[in-house]
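The chain contents come next:
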Amino acid sequence: MDTSQCATRAHIDTGSSFEGPPERASATLFNTLRAEWFYLALWILVVVVASILFGMTGLAVAAGIFVLMVLIFLGVRVSKGHTLKCAALGALATTLRVTEGF
């Protein structure tokens, strides 16, 4: 794998386009969250509803599922040779997009 492209907007697929040319522009946490804002809102809604319905147990389970998924995707991306920044941003974007099919 060519790690020179890691952590660029062209390399981290966030499901929507950023402004400007993506080839060498650096991807940031803000840009990743901005591109995936709808799915982030869905995850927050799930956590809030779970905490309302089931109290702290529901909050812990919903937040735990989110964190576990981020860690799994992070491990997969690091094992494929991505840099840590690239793996973290990609794992976050992938976890947020899990709700895309619902």
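Computed from a predicted structure; not experimentally measured. (Residues numbered from 1 in each chain as written. Predicted model: local features only at pLDDT ≥ 70, side-chain atom pairs only at ≥ 80, totals over all residues. Heavy atoms only, no water.)

A.B. asks: Break down a nonpolar patch on the surface for me, citing the residues and quoting the values.
C.D. replies: On the surface, Ile44, Leu45, Val48, Val49, Ile52, Leu53 and Phe54 cluster together to form a nonpolar patch covering roughly 720 Å² of accessible area. Structurally, Leu53 is set in helix α2 (residues 37–54). Classification of Leu53 as exposed rests on a relative accessible area of 61%. (Patch = residues over 30% accessible without salt bridge, like charges linked within 9 Å, V, L, I, M, F, W, Y side chains within 5 Å. Areas by Shrake-Rupley, 256 points an atom, 1.4 Å probe, with all protein chains shown as cover. Salt bridge = Lys/Arg side-chain N within 4 Å of Asp/Glu carboxyl O. Helix = DSSP H or I, 4+ residues; strand = E, 2+ residues; numbered from the N terminus. Buried < 20%, exposed > 50% of the residue type's maximum accessible area, 1.4 Å probe, protein only.)

A.B. asks: Give a detailed account of the nonpolar core, specifying residues and quantitative values.
C.D. replies: By size, the foremost hydrophobic cluster in this structure holds seven residues: Tyr39, Trp43, Phe66, Met69, Val70, Leu92 and Leu96. Of all elements in the fold, only α2, α3 (56–79) and α4 (84–96) reach the threshold of two or more residues within this core. The element best represented in this core is α3, accounting for three residues. Residue contacts for Leu92: discarding those within four places in its chain leaves Leu29, Leu33 and Phe66. (Core = buried A, V, L, I, M, F, W, Y, C linked by side-chain atoms within 4.5 Å. Contact = heavy atoms within 4.5 Å.)

Purely geometric numbers; function is a separate question.
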